[in-house]
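One letter stands for each residue in the lines below.
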Amino acid sequence: MRRCLELAKIGAGFVSPNPMVGAVIVQDDKIVGEGYHKCYGEAHAEVNAIGQVIDRFDDAAQVLSQSTIYVSLEPCAHHGKTPPCADLIIKHGIPKVVVGCRDPFDQVNGKGIEKLIQAGTEVTVGVLENECRELNKRFFTRIQKQRPYIILKWAKTEDGFFAPADNSQFWITGEQSRKLVHQWRSEEDAILIGKNTALIDDPQLNVRLWPGKSPKRVLIDRRLELPRRLKVFDQSVDTFVFNELKTAFDGKLKYIALEDFDNFVPQYILFQLYIQDVQSVIIEGGAKTLAAFIKEGLWDEARVFTGNVTLKKGIQSPDIKGDVTHMETIGNDILLILKPYAV
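Residues numbered from 1 in each chain as written. Predicted model: local features only at pLDDT ≥ 70, side-chain atom pairs only at ≥ 80, totals over all residues. Heavy atoms only, no water.

Considering the overall build of the chain
Rule in force here: Runs of E in the DSSP output that reach at least two residues are strands. Runs of H or I that reach at least four are helices, and both are numbered from the N terminus. Throughout, radius of gyration means the C-alpha value; the globule benchmark is 2.2 Å times the number of residues raised to the power 0.38. The buried label goes to any residue with under 20% of its type's maximum accessible area, the exposed label to any with over 50%, and the partly exposed label to all in between, with areas taken from a 1.4 Å probe on protein chains only. Residue contacts are counted whenever heavy atoms from the two residues lie within 4.5 Å of one another. Note on areas: Shrake-Rupley with a 1.4 Å probe; residue coverage comes only from the protein chains shown.
Assigned secondary structure in the chain consists of eleven helices and 17 strands. Radius of gyration (C-alpha) of the chain: 23 Å, near the 20 Å computed for a compact globule of 343 residues. The burial tally for the chain puts 50% of its 343 residues in the buried class. Long-range pairs, those at least 24 residues apart, make up 67% of the contacts in the chain between residues at least 6 apart in sequence. Carbon and sulfur atoms make up 48% of the accessible area of the chain, which amounts to about 16,700 Å² in all.

Considering the sheet that holds strand 14 (residues 301–306)
Quick note on the threshold: Two strands form a pair only when DSSP identifies at least two bridges running between them. Lines fitted to C-alpha atoms define the axes here, with helix axes fitted over just the stretch in contact, and angles between the N-to-C directions of these axes take values from 0 to 180 degrees.
A sheet is described by the order of its strands in space; here ten strands give the open sequence 11-12-10-9-8-13-6-14-17-16, paired in mixed fashion. With partners counted over all chains shown, the strands left at the sheet margins are strand 11 (248–250) and strand 16 (323–330), one partner each. Averaged over all pairs of adjacent strands, the angle between strand axes in this sheet comes to 20 degrees, irrespective of strand direction. The sheet contacts of helix 10 (residues 265–275) involve strand 6 (149–156), strand 8 (190–194), strand 9 (216–220), strand 10 (239–243), strand 12 (253–257) and strand 13 (280–285), and relative to strand 10 the element is tilted by about 145 degrees.

Observations concerning the packing of aromatic side chains
Short version of the rule: Two rings belonging to Phe, Tyr or Trp (six-membered ring only in the last case) form a pair when the distance between their centres is within 6.5 Å. Interplanar angles under 30 degrees mark stacking, angles over 60 mark edge-to-face geometry, and anything in between is tilted. Put simply, a charge is over a ring when the Lys NZ or the Arg CZ is close to the ring centre, within 6 Å, and near the line of the ring normal, within 35 degrees.
As enumerated under the stated definition, the model contains three aromatic pairs in all. Ring geometry for F139 versus F140: centroids 6.1 Å apart, planes at 85 degrees, classification edge-to-face. Aromatic pair W184 and F305: ring centres 5.5 Å apart, planes at 25 degrees, arrangement stacked. In this pair, W184 is assigned in helix 8 (residues 175–187) and F305 in strand 14, connecting sequence segments 121 residues apart. For K246, the ring lying beneath its charged end belongs to Y255, and the centroid distance is 4.2 Å. Sitting over the face of the ring of W184, R303 holds its NZ or CZ atom 4.6 Å from the ring centroid.

Quick word on the sheet that holds strand 4 (residues 96–101)
The sheet built from five strands is open, its strands ordered 2-1-3-4-5 with mixed pairing. What marks the edges here is a single partner per strand, and that holds for strand 2 (30–36) and strand 5 (122–125). Within this sheet the neighbouring strands show an average axis-to-axis angle of 15 degrees, counted without direction.

A few points about the pattern of salt bridges
Rules: Here a salt bridge means any side-chain nitrogen of Lys or Arg lying within 4 Å of a carboxyl oxygen belonging to Asp or Glu.
Applying the stated rule across the entire model yields 19 salt bridges. Residue E225 is joined to K195 by a salt bridge in which the shortest nitrogen-to-oxygen separation is 2.7 Å. One end of the pair, E225, is in the loop between strand 9 and strand 10; the other, K195, is in helix 9 (residues 195–201), and 30 residues separate them in sequence. With a relative accessible area of 27%, K195 lands in the partly exposed category. Beyond isolated ion pairs, a larger network of salt bridges with shared partners links E134, K137, E301, R303 and K339.

Points about helix 7 (residues 137–145)
Summarising burial for helix 7: seven of the nine residues are buried, a large majority. Along helix 7, the residues that are buried comprise K137, R138, F139, F140, T141, R142 and I143.

Focus: the side chain of E34
Here E34 is to be found in strand 2. Beyond its immediate sequence surroundings of up to four residues, E34 is in contact with R3, L7, A23, V24, N48, A49 and Q52.

In structure tokens:
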């Protein structure tokens, strides 16, 4: 099952809004085939693992009939973009299935396990269940809460400031931290900033410091005051612009008007991203935008750098309270990762 998790992680950034899944087929305590879900809309992990056995063995049917398949998430039981994996396992006569955790998606949730059992397959569920659920926390959040998984990210100075008082651009973290942030971006579906951050920093919001796919961009620009010369409007990736004036499409720019820009703005934005199949969003600022999501309790993880610099005065860093789950030194910076207090 640990190998299933290792394989599943290779699909990070490419399978959303599907979950990351790995599968391993074992005969006589030896791995004879393995696979993972590589790309959204393409073959699932079980298909690739079974396919590898068929490619490797002339007597593949006999090998599969004497094997156990381990899979990190319950095999699907419905026709989506691909046929049901539970049916494939039954078709090839694999007698034993070990499942990491159940799939919360309504069209699966226990149905894949039930179909296997009814076909006479021996099924074990819950092996490394917590690790399997953690791997797909974005998928589980989207399905169970009808919103993307939310990561807040910012940097503050040693004396607790977010930016200079005049909002001018000021680098707080070092090169290693900035490279790590680009890695994080490659792992999420979307990145969100407010109008002031776009105007002051003119960020590209891409992954130029890390190999991978750049996330979709999300801007909050209530009155559509941002100039089109900014890099975020370069049409390189899908970009959502939340405002109160218009809903329209312009190439990869998607303007979405919110009915009420004075109330529940974070909730409206997250719902719109949810229906656009955005499974995760990393919110990078500014301070007012971050504070709005913190106030509403709309966050699943906060990643806060403390840089080796001071400002003495300026805009205060957002105030957040939660359980510290990780602390690490990145170059000259300190990284804290927090999660909301357990209810």
